[in-house]
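Close look at the chain arrangement
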Amino acid sequence: MSAPRVIPFGRPWITDEDRAAVQAVLNGPVLTHGPQCGAFEAEFAACLRGEAHCVAVSSCMAALHLAYVQFGVRPGDEVIVPALTHTATAHAVEWVGATPVFVDCDPATGNVTPEAIAAALTPRTKAISVVHFIGIPCAMPPIMALAERHGLRVIEDCALALGARYDGIHVGLFGDAGCFSFYPVKHITTGEGGMFVTRDGDVARTVRRLRAFGVDRGHAEGAAPGLYDVPTLGLNYRMGEMPAALGRVQLRRLDENLRRRRASFQGLAEALTAVPGIRVLAPVDARAASSHYCLSFVLEGDRRSLRAALVARLNAAGVGTSVYYPHPVPRLTYYRTKYGYDAARYPAAAAISDCSVALPVGPHVGAEDVEFMTTVVADALREVLV
Ligand SMILES: *Cc1c(COP(=O)(O)O)cnc(C)c1O
């Protein structure tokens, strides 16, 4: 008897070349401040195919935090934050003492709209953060036009959007900063890690310094090794050589990774659009090319209450699932306690949080897995409905 099929929601794609790259760093004398980090930054920039300065950091949350520090966002300022996102998007705003102003999403894509952002602006608004939800790019040109009219910074949270493009331009290159994640189940991994991306060389230089204690080796190092000055406050958000070496190898397989994701997504989406009472979240805009982080579908009408039963059946059949994201951020205890939660303000985000199921489409998913998942989902939906 063959082993039962198990398809985890996320599984990092690690090969012998990944292991060899990390081992090679360990075999050498340099574990940080070495050549791997700079090479990873340059190769990441090449991958985005745009004018980009990249600064490797310890996580996407670190990149987001650095963005607000760098742009001088502080107490008294407001930042527009999508309600439907990872808590990191809002936490970064909280850590600089500013106030997140949450906005609801488009029910078709899970993304914020320029209209919702415009409605949330106040004289205290300093920045707009946008999240390319599960890899579906936001309509960036109208958001950038709005930001320009009001003199606002735009920070793009691209944690699930490596490979996503709008009008052929990679996400993260529209705003003032783009922040990427290399957490194990994201598109590529360095264990933990992230990338701060900007088109502005001066911003990149300051963020580089902020990432490493605010240290300036400038002229002092010439006099004797170990001498430096500290002109500004800083953090330690550096990326070490082992993660950077791993990231470089992961990047080489990105095209293949994205191809596999697209194929699995399309196979699943085709089958699932035929199932009544569910709605697949996908771009509605022909100019938006998704990075296919996962396939999320939303249960509608009288199927809304069936998620727990459906997920239990899928998991029992060996299909791993997840939820993006488990709550609209303003409903999480920390935010609810601090700001109160008005459910009427985020109906679309709450519907996705409460009634959606995310299926795996990562590189570990094969064509047979897609067929299997399609059958299991259709069967499970039929069963839970009776
Ligand atoms: C995962 C995720 C993050 C956090 O990334 P880390 O690298 O773990 O800090 C931030 N934003 C979004 C939208 C995410 O999905």
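In the block above lies the structure referred to throughout.
First things first, this report covers the structure right here in the doc. Quick caveat: nothing in here was measured; it's all calculated off a predicted structure.

Cut-off values and rules
The written sequence of each chain sets the order in which its residues are numbered from 1. Whole-chain, interface and lining totals are the exception, using all residues; otherwise, since this is a predicted model, local features are given only for residues with pLDDT of at least 70 and side-chain atom pairs are given and counted only at 80 or more. Each side-chain value is derived from all of the structure's non-hydrogen atoms; neither hydrogens nor water enter the calculation. Note on definitions: the grid is 1 Å and covers protein atoms alone; a cavity is a set of points where a 1.4 Å probe fits but cannot get out; a pocket is an open set with protein on both sides within 12 Å along at least five of seven lines; lining residues have an atom within 4 Å of a point. Grid points are joined across faces, edges and corners, and a volume is the space filled by probe spheres set on the points. Under the scheme applied, nonpolar residues are Ala, Val, Leu, Ile, Met, Phe, Trp, Tyr, Cys and Pro; charged residues are Asp, Glu, Lys and Arg; polar residues are all the others, including Gly. Stacked, edge-to-face and tilted are the three classes for Phe, Tyr and Trp ring pairs, Trp counted by its six-membered ring, which pair at centre distances within 6.5 Å; planes under 30 degrees apart are stacked, over 60 edge-to-face, the rest tilted. Helix and strand assignments come from DSSP, with helices taken as H or I runs of at least 4 residues and strands as E runs of at least 2, each series counted from the N terminus. For the exposure calls, accessible area comes from a 1.4 Å probe over protein chains only, and a residue counts as buried if that area is under 20% of its type's maximum, exposed if over 50%, partly exposed in between. Two conditions define a charge located above a ring, namely a distance within 6 Å from the ring centre to NZ of Lys or CZ of Arg, and an angle within 35 degrees of the ring normal. A pair of strands is labelled paired if DSSP reports no fewer than 2 bridges between them. Lines fitted to the C-alpha atoms define the axes, with helices restricted to the stretch that makes contact. Angles between their N-to-C directions range from 0 to 180 degrees.

1. Concerning empty space enclosed by the protein
- Summed over the entire model, instances satisfying the criterion amount to 4 cavities of 30 Å³ or more.
- As a volume, the largest cavity reaches approximately 170 Å³.
- For the lining of the largest cavity, the per-class residue count stands at 10 nonpolar, 7 polar and 4 charged.
- The space that makes up the second largest cavity amounts to roughly 50 Å³.
- Lining the second largest cavity we find T85, H86, T89, V131, H132, D157, C158, A159, L160 and Y325.
- Along the lines of polarity and charge, the residues of the lining of the second largest cavity split into 5 nonpolar, 4 polar and 1 charged.

2. Concerning the packing of aromatic side chains
- In this structure the tally under the stated criterion is 14 aromatic pairs.
- Where F44 meets F180, the ring centres are 5.2 Å apart and the plane angle is 75°; that geometry is what we call edge-to-face. Here F180 lies in strand β8 (residues 177-181) and F44 lies in helix α2 (residues 35-48), a separation of 136 residues in the sequence. Just as F44 is buried, F180 falls in that class too.
- An aromatic cluster of at least three residues, connected via ring pairs, comprises F9, F133, Y293, Y324 and Y325.
- The cationic tip of R5 hangs over the ring face of F372; the distance from NZ or CZ to the ring centre is 5.4 Å.
- One Lys or Arg, R253, reaches over the ring of W13 and ends 4.6 Å from the middle of that ring.

3. Let's talk about the layout of surface pockets
- Computed from the structure, the largest pocket encloses a volume of approximately 340 Å³.
- Along the walls of the largest pocket sit 19 residues, with H33, R208, R211, A212 and R238 positioned nearest its centre.
- Those elements that provide at least two residues to the lining of the largest pocket are α2 and α7 (201-211).
- Looking at the lining of the largest pocket residue by residue, the classes come out as 6 nonpolar, 5 polar and 8 charged.

4. So, unusual backbone geometry
- Cis rather than trans, the peptide bond between Y324 and Y325 has omega equal to -10°.
- Its location among the elements puts Y325 in the loop between α11 (307-316) and α12 (333-339).
- Its identity as a non-glycine residue notwithstanding, F213 has a phi of 65°, on the positive side.
- You can see F213 is positioned in the loop between α7 and α8 (220-223).

5. Some thoughts on the sheet that holds strand β5 (residues 153-157)
- Read across the open sheet, the 7 strands follow the order β1-β9-β8-β5-β4-β2-β3; overall the sheet is mixed. Two strands bound the open sheet, and with one partner strand each, they are β1 (53-57) and β3 (99-103). For this sheet, the mean inter-axis angle between neighbouring strands, taken without regard to orientation, is 20°.
- In the sheet, β5 pairs with β8 via 3 bridges, with the strands oriented parallel.

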